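Chain and residue survey
Read off the chains here:
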Amino acid sequence: MAGYQEGRKPAKRLKFAPVQGAAELFTPDFVEYLVYLHDCCSEPIRTLRQNRVRVLQKALHEGIAPTYPSLRPNPNADWKVAPVPEELKKPGIEISGPASLTGMFINALNPGPEGMRAEGDLDDDEDSSGHRLEDTVNAAWNRKRAVERTLTYFDAEKGKEYRLQAGELPFFMHRERGLHLDEPDVTLDGTPISASILGTALTLFHAGRAQAERGQGIYFYLPKMESAEEAAFWRNFFDISRERLSFLKDAVIKAIALIESLPAAYQMEEILLALGPYAAGLNAARWDFQASILEFVMNDPSSVWPDRFGVDIKKTDFLANIFKRLVAICLKRGAAPIGGMAVALPSKEDEVNQAAAAAIRADKEWEARQGFLRAWVAHIFHMKTAADPFRELHASGWKPSPEMANPDNYPVEIKVPEGPITVEGTRRNGRMLLEYLEGWLGGRGAKGIDSLAGKPGIHPALMEDLATARISVAQIAQRILHQAKTTDSSQTHNYALVKRLLQEEVEDILTRLQVTISAGDTKGKDAFSQAEVRYRKSLRIALRWIQNYTELNFRSLGSYTRAELDGIAAQEDAF
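Residues numbered from 1 in each chain as written. Predicted model: local features only at pLDDT ≥ 70, side-chain atom pairs only at ≥ 80, totals over all residues. Heavy atoms only, no water.

**What about the pattern of salt bridges?**
Tallying each qualifying case throughout the model produces 57 salt bridges. Arg163 is paired through a salt bridge with Glu161; the nearest N and O atoms lie 3.0 Å apart. The shortest N-O distance in the salt bridge between Glu269 and Lys332 comes to 3.5 Å. Linking Glu269 in helix 9 (residues 268-275) with Lys332 in helix 11 (residues 317-333), this pair joins segments that are 63 residues apart in sequence. (Salt bridge = Lys/Arg side-chain N within 4 Å of Asp/Glu carboxyl O. Helix = DSSP H or I, 4+ residues; strand = E, 2+ residues; numbered from the N terminus.)

**Structural notes on helix 7 (residues 228-244)**
Counted at 1.5 Å a residue, the expected span for helix 7 with its 17 residues is 24 Å, and the 24 Å between its end C-alpha atoms agrees. On its buried face, helix 7 sits against helix 3 (28-62), helix 6 (195-213), strand 9 (218-222), strand 10 (253-259) and helix 9. (Expected span 1.5 Å × (residues − 1). Contact = heavy atoms within 4.5 Å.)

**So, the sheet that holds strand 13 (residues 374-377)**
Read around the barrel, eight strands follow the order 2-3-6-9-10-11-12-13 and close on themselves; strand pairing throughout is parallel. Averaged over all pairs of adjacent strands, the angle between their axes in this sheet comes to 30°, without regard to strand direction. Summarising the sheet, strand 11 (residues 279-284) and strand 12 (residues 336-342) pair through three bridges and their orientation is parallel. Residue Leu282 lies in a different strand from strand 12, and its bridge partner there is Pro337. (Pairing = 2+ DSSP bridges. Axes fitted to C-alpha atoms, helices over the stretch in contact; angles between N-to-C directions.)

**Points about empty space enclosed by the protein**
Inspection of the entire model under this criterion finds three cavities of 30 Å³ or more. Partitioned by chemical class, the residues of the lining of the largest cavity number twelve nonpolar, five polar and eight charged. (1 Å grid on protein atoms, 1.4 Å probe; cavity = no way out; pocket = protein on both sides within 12 Å on 5 of 7 lines; lining within 4 Å. Points joined across faces, edges and corners; volume = space filled by probe spheres on them. Nonpolar A, V, L, I, M, F, W, Y, C, P; charged D, E, K, R; others polar.)

**Focus: the sheet that holds strand 1 (residues 14-16)**
On the basis of which strands lie adjacent, the open sheet formed by three strands has the order 1-7-8 and antiparallel pairing. Two strands close off the open sheet at either side, each with one partner strand: strand 1 and strand 8 (191-194). The sheet shows a mean angle of 55° between the axes of neighbouring strands, direction not considered. Of the pairings in the sheet, the one linking strand 7 (residues 182-188) to strand 8 comprises four bridges and is antiparallel in character. Each residue of the ladder has a partner; that of Glu183, found in strand 8, is Ile193.

**So, the nonpolar core**
In terms of nonpolar packing, the biggest core is built from 170 residues, with Phe26, Phe237, Phe238 and Ile546 touching the most fellow members. Sort the elements by how many residues they give to this core and helix 3 lands first, with 15 residues. When neighbours within four sequence positions are excluded, Phe26 is seen to be in contact with Leu14, Phe16, Val31, Leu34, Val186 and Leu198. Of all hydrophobic cores here, the second largest spans eleven residues; its members include Val147, Leu151, Leu169 and Ala210. (Core = buried A, V, L, I, M, F, W, Y, C linked by side-chain atoms within 4.5 Å. Buried < 20%, exposed > 50% of the residue type's maximum accessible area, 1.4 Å probe, protein only.)

**Describing the environment of Asp388**
Looking at the secondary structure, you find Asp388 in helix 13 (residues 383-395). Residue Asp388 is classed as buried on the basis of its relative accessible area, which comes to 12%. Here the side chain of Asp388 touches Lys384 through a polar contact of 2.7 Å, side chain to side chain. (Polar contact = N/O pair within 3.5 Å; in protein donor to acceptor, adjacent residues only side chain to side chain.)

**Side note on the packing of helix 5 (residues 133-148) against helix 6**
Relative placement of two packed helices is described by the angle separating their axes and the distance separating the axes. Interaxial distance between helix 5 and helix 6 falls to 8 Å at its minimum, and their mutual angle equals 15°. What the angle tells us is that helix 5 and helix 6 run roughly parallel. As helix 5 packs across helix 6, the resulting crossing turns out to be right-handed. Along the contact surface, helix 5 presents Leu133, Thr136, Ala140, Arg143, Lys144, Val147 and Glu148, while helix 6 presents Leu198, Gly199, Leu202, Thr203, His206, Ala207, Ala210 and Gln211. In terms of residue class, the contact of helix 5 with helix 6 is made up of seven nonpolar, five polar and three charged. (Parallel < 35°, antiparallel > 145°, perpendicular 65-115°, else oblique. Left-handed = near helix turned anticlockwise from the far one by under 90°.)

**Side note on the packing of helix 9 against helix 11**
Between helix 9 and helix 11, the shortest axis-to-axis distance is 9 Å and the interhelical angle comes to 40°. Considering their axes alone, helix 9 and helix 11 lie oblique with respect to each other. Handedness of the helix 9/helix 11 crossing: right-handed. Within the contact between the two elements, helix 9 uses Met268, Glu269 and Leu272 and helix 11 uses Ile322, Arg325, Leu326, Ile329, Lys332 and Arg333. Residue composition of the contact of helix 9 with helix 11, grouped by class: five nonpolar, no polar and four charged.

Function-wise, these values are silent; they only describe arrangement.
Right, dumping it as structure tokens:
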């Protein structure tokens, strides 16, 4: 294979940080496979990244929509994806969460309160992960042990033991980090390895081997996809892996592309075609998709969006049409269409849970009627509520109409959603961002956040992740950049306003935390002191992240090491 450096010993070229459990994963055979992948794939990844930059720059500075030329000589050709495994056609729900947090992972694989398991498990090392090598290593071990049914965990702080319960587990949907990220703690010839190469290689070599030995399909979600060229890259990646790993020769490997970037929305059919025998479906990734739109229109003063919690896919025609187009393409090409996330978390208050359940059911009923087979849920508490609309509709004998299978009925158009621009909407984004960054600094990539804490009304905490953090940053930056006026025109967004809002939210968060600590609780006071340090750091990191976006620098939070973030937190405020 072009690029492979024959004659150089792989083990001499590879270095990795001494993370617990890593040495046992990095066996000589794995290292040889990983180095081969790096030599074959690192240059194509660089080219794909450069293509992404060019497309984004054209959109930002020339107003050219991020479309790509079609790869198909005949767009009307009659083709279908290779047969999709029956389990991937199951109506219902997939439980989503970080694969690296063992207790959460085990809970996701076990039955929910009603005694039913999810159809599938999205074991995530991307949007809900902490993006450290230790997270990737933990995820690799957890996946392998889950397949082998040996996964256990004891939480010493809670005094709680976690075990997999008897019965058939959900099918696994592995999601690794995207092509835009590197892993600085693993280097080849002194250069950080692609995080995608590393994570996918670990999963195929370890959990994938265990799945292949048991006759299970090996399924991936491919995040942050932007073009058919990237889909073709993954086809080649899986082909190479089959050639190098004998146990994968006859294994079923399938991939579902996440449509979570604006460019990908213009090439959904081409992406399926380019994935070749590995294509299984498309996923309507709502939050990252909205974040991507905001990044591509960031320089356009006429494209300032309203408060994000008021943007409902069901009532925003141009967004709904894009995802109806996704379904139409899947129906036309024989692929599985997968819907979005239900993020509400359980509460101690029944009325909060009831309100959350009603909202989740309405959302999933809408998705089911559009033709989606499944969607995602963030917590097992709401798993049955989210799954039932899909199960019930498909069990009724309902079939999509011919019109629903025609992509031409749903053109891709980008507009500005209707809704107000308010200071409180900006404040809510800011609070979410501060809470999320505090979790990130503590090693978490997903966190339950009540961004309306202390406000009247019924509002469940939501499981927020890197996607919703991107939306929050982008909205705040967009409003500063274009000095957006509130809908009642009483205030104008600028750096001073945003900084004041974030400072007020930090103080409110800390005040509420302190109230929960009793006078003699030394352990609680220590925990508060540590949390206060993280929240103070979060404020400075948030200011830098927002400023980056106003300068059209959309660097991912996941590309920063914790040491780099500590460095940012030690500097003067960005504004």
